[in-house]
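Survey of secondary and tertiary structure
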Amino acid sequence: MMEPTVGKPSFLRNILVRVLLFSVLIIVVRFAYVVTIAGESCNLGDFCFFSLPDNFNLVTIGAGTGASGITANKAVRSNIVSPSRRDMYTSKEWIKAVNFYSSVFQDLISEGYLSQSAKSLCVETQYGQDVFALKEIGVEDSIGIFKKSSKPLVISGEGHRIPFDGNTFDFVFVGGARLEKASKPLDFASEIVRTLKPEGFAVVHVRAKDEYSFNSFLDLFNSCKLVKSRDIDGFDSSLPYIREIVLKKESDLILGHRENLPDGNVANKCSVPGYKQAFVRKAEPLIMEEPLKPWITMKRNIKNIKYLPSMADISFKNRYVYVDVGARSYGSSIGSWFKKQYPKQNKTFDVYAIEADKTFHEEYKVKKKVKLLPYAAWVRNETLSFEINHDPDKEVVVKGRGMGRIQPVQSLSDGGFDGEVDRIQGFDFADWLKNTVTDKDFVVMKMDVEGTEFDLIPRLFETGAICLIDEIFLECHYNRWQRCCPGQRSPKYKKTYEQCLELFTSLRQNGVLVHQWW
């Protein structure tokens, strides 16, 4: 009879021990990868293998007209989530974004702007990383909206048309600089305010670094109070630096946070806010000495102009408007300068051409993107005489007509003028401006009105309409030296260069960004 083999149990035991150690090694390596490389935390439910737990709670929209409420769900479980969505939820990019937003929201909780019981909305969030983060830190009653839904975190909706009733949310979040990308920022902001409960908080992440864009942003939220603003590092290369702005909705706030202007159109008196005045100090210096060859000096000066959009972000404006007062032909300045040279930051401008000379009216009929006002900008509504003087110093002549100048109607027998005279309709330009744009719009104006600037500019100050204009390009008309006749001044204008300089200086001293034009 053979003796049993002594080494067999020992051999099997060694194999089992090695298998067990190998399994433990795999788990340890997986754990180390998740924690140190992916930057994610582990929990017992997923054992660090990136599977979503069965008790992963999301939200669904409850029944009701207009999706007026949020039902903290009865648990949409992970086995409903598609494999592709599971892959997204476990990607490094997703985890990085969720960690970033979790940190942001935890800070807001610690500061009292967010609570775990808050009914919360994330606006224009494509995949819902911010919604996921809210739920992860215990703010369960959360939902996101985007034009294309990404359920169960995000339903269909847009920032300028949020699909919820008014006063629904305690907390509204807009990340990723989404507000400044909106085509209708005022509607976007208004919808946030509408759906936010009184005393509720809105937190918005923007790129705004300069005071102009920051204050333009605040102007969108008139019924909210600025609580705090801080700069933080972003998590994405497309947005490395973020300004986080916390706003609180106040139901009894009559005036907004702004320094000087009420909502809508300005009152009769206004003062240009300090953040706009700062640009005057950065502007190119005025030409203090009268140029001997103004037709050369003034045209060269355009190279020195410091445009406002080259100094500030103009994103947070409701509309973008260019008003050409004394436009003449389309090619005079709209087509040749504004369309080609003015830095618009990829914004689409509404263009108004104000031109009384009927010679140019036909041309504008084919310019669909330009609205012609075939009248003369004036200080009141009245009939005027439009004098056509063939000034030899002006090169622009169309069909034999020189540059036009308006005057109040007077008897032609006075003998004071022997050129062509037309009867035209003048309109109160300041009043029109106040009814056409608001302080939430970005308004650029070019004015070339053959001497009438000495009437129109004081009227703009008198009515407060001057505060609606962000940037002015002004040609001031004076008895300049003539190109045709050396040593002779133009007899057409009585003002001197010193008086023009006083006009420019006065505008800048009052905080208006004005540039000398030709």
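Residues numbered from 1 in each chain as written. Predicted model: local features only at pLDDT ≥ 70, side-chain atom pairs only at ≥ 80, totals over all residues. Heavy atoms only, no water.

Further remarks concern the overall build of the protein chain. A tally of regular secondary structure across the protein chain gives 13 helices and 19 strands. Long-range pairs, those at least 24 residues apart, make up 71% of the contacts in the protein chain with a sequence separation of at least 6. Accessible area of the protein chain: about 25,500 Å², with a carbon and sulfur share of 53%. (Helix = DSSP H or I, 4+ residues; strand = E, 2+ residues; numbered from the N terminus. Contact = heavy atoms within 4.5 Å. Areas by Shrake-Rupley, 256 points an atom, 1.4 Å probe, with all protein chains shown as cover.)

By size, the foremost hydrophobic cluster in this structure holds 49 residues, and its most contacted members are F429 and L460. When residues in this core are grouped by element, the largest group, six residues, is from helix α13 (residues 497-509). For L460, the contacting residues outside a window of four places in its chain are F429, A430, L433, M445, A465, I466 and I469. The next biggest cluster of nonpolar side chains, apart from the first, holds 32 residues, and it includes F105, V131, F132 and F171. (Core = buried A, V, L, I, M, F, W, Y, C linked by side-chain atoms within 4.5 Å. Buried < 20%, exposed > 50% of the residue type's maximum accessible area, 1.4 Å probe, protein only.)

A pair of packed helices is characterised by two quantities: the angle between their axes and the separation of those axes. Direction vectors running N to C along helix α6 (residues 211-219) and helix α7 (residues 274-282) enclose 155 degrees, while the axes themselves pass 9 Å from each other. With respect to α7, the axis of α6 lies roughly antiparallel. Handedness of the crossing formed by α6 with α7: left-handed. Residues E211, Y212, N215 and D219 of α6 lie in contact with α7, whose contacting residues are Y275, K276 and F279. (Axes fitted to C-alpha atoms, helices over the stretch in contact; angles between N-to-C directions. Parallel < 35°, antiparallel > 145°, perpendicular 65-115°, else oblique. Left-handed = near helix turned anticlockwise from the far one by under 90°.)

Time to look at the pairing of strand β11 (residues 350-354). The buried fraction of β11 amounts to four of the five residues, a majority that puts the element mostly inside the structure. Chirality of the crossover, the property in question, places the unit of strand β10 (residues 320-325), helix α9 (residues 334-341) and β11 among those that are right-handed. Here four bridges tie β11 to strand β12 (residues 370-373), and the two strands are oriented parallel to one another. Within β12, the position partnered with Y352 by the bridge is K371. (Right-handed = clockwise from strand over helix to strand, strands pointing away. Pairing = 2+ DSSP bridges.)

Right, let's get into the state of the cysteines. Following the criterion strictly, the structure yields two disulfides and no others. Residue C270 pairs covalently with C467 via a disulfide, S to S 1.9 Å. For the disulfide bridge between C270 and C467, the dihedral angle about the S-S bond is near 95 degrees, and by the sign convention the bridge is right-handed. Taken as a pair, C270 in the loop between β9 (239-249) and α7 and C467 in the loop between α12 (453-463) and β18 (471-474) lie far apart in primary sequence, 197 residues in all. Relative accessible area serves as the criterion here: at 25%, C270 is assigned to the partly exposed category. According to the relative accessible area criterion, C467 is buried, its value standing at 5%. Each sulfur in the disulfide pair C476 and C500 lies 2.1 Å from the other. Between C476 and C500, the S-S dihedral sits near -85 degrees, and the bridge is therefore left-handed. On the criterion of sequence distance, the pair formed by C476 in the loop between β18 and α13 and C500 in helix α13 is long-range, its members being 24 residues apart. (Disulfide = S-S within 2.5 Å.)

What follows covers the pairing of β10. With respect to burial, β10 is a largely interior element, six of its six residues being buried. Both faces of β10 are covered, namely the face carrying Y320, Y322 and D324 and the face carrying V321, V323 and V325. Pairing between β10 and strand β17 (residues 442-447): six bridges, direction parallel. The partner of Y320 across the bridge, within β17, is F442.

Let us now look at the pattern of salt bridges. Under the definition given, this model contains 20 salt bridges. Ionic pairing is found between R178 and D130, a salt bridge with its closest N-O pair at 3.3 Å. With R178 in the loop between β6 (169-174) and α5 (185-195) and D130 in helix α4 (residues 129-136), this pair connects stretches of sequence that are 48 residues apart. For R178, a relative accessible area of 15% puts it in the buried group. (Salt bridge = Lys/Arg side-chain N within 4 Å of Asp/Glu carboxyl O.)

The next thing to look at is the sheet that holds β17. The sheet built from six strands is open, its strands ordered β12-β11-β10-β17-β18-β19 with parallel pairing. Edge positions in the sheet fall to β12 and β19 (514-516), since each has one partner strand and no second. Geometrically, the sheet is characterised by an average inter-axis angle of 15 degrees between neighbouring strands, direction not taken into account. Where β17 lies against β18, four bridges are found, and the strand directions are parallel.

Glancing now at the packing of aromatic side chains. Within the structure shown, the criterion is met by 39 aromatic pairs. Between the aromatic rings of F105 and F173, the centroid separation amounts to 5.0 Å while the plane-to-plane angle is 80 degrees, which identifies the pairing as edge-to-face. Residue F105 is found in helix α3 (residues 92-110), and its partner F173 is found in strand β6; the two are separated by 68 residues along the sequence. The exposure classification of F105 matches that of F173, with both residues buried. Ring centres of Y212 and F442 lie 6.4 Å apart, and the angle between their planes is 90 degrees; this geometry places the pair in the edge-to-face category. Taken together, the residues Y212 in helix α6 and F442 in strand β17 connect sequence positions 230 residues apart. In this pair, the class of Y212 matches that of F442, namely buried. (Phe/Tyr/Trp six-rings, centres within 6.5 Å; stacked < 30°, edge-to-face > 60°.)

At a minimum axis separation of 8 Å, α3 and α4 run at an interaxial angle of 55 degrees. In terms of their interaxial angle, α3 and α4 are classed as oblique. Crossing hand, α3 versus α4: right-handed. Contacts between α3 and α4 involve W94, A97, V98, Y101, S102 and F105 from the first element and Q129, D130, F132, A133, L134 and E136 from the second. Class assignment for the residues of the contact of α3 with α4 results in eight nonpolar, two polar and two charged. (Nonpolar A, V, L, I, M, F, W, Y, C, P; charged D, E, K, R; others polar.)

With respect to topology, seven strands assemble into an open sheet ordered β5-β4-β3-β6-β7-β9-β8, the strand pairing being mixed. What marks the edges here is a single partner per strand, and that holds for β5 (154-156) and β8 (224-236). On average, each strand axis in the sheet is inclined to that of its neighbour by 25 degrees, with strand direction left out of account. Relative to the sheet, α5 contacts β3 (120-123), β6, β7 (196-206), β8 and β9, its axis offset from that of β7 by approximately 145 degrees.

Tracing the backbone shows A312 in the loop between α8 (294-300) and β10. Under the relative-accessibility criterion, A312 is labelled buried at 7%. Separated by 100 residues in sequence, A312 and Y212 have C-alpha atoms that sit 6.3 Å apart. Leaving out residues up to four positions away in the same chain, A312 has contacts with D210, Y212, F279 and Q345.

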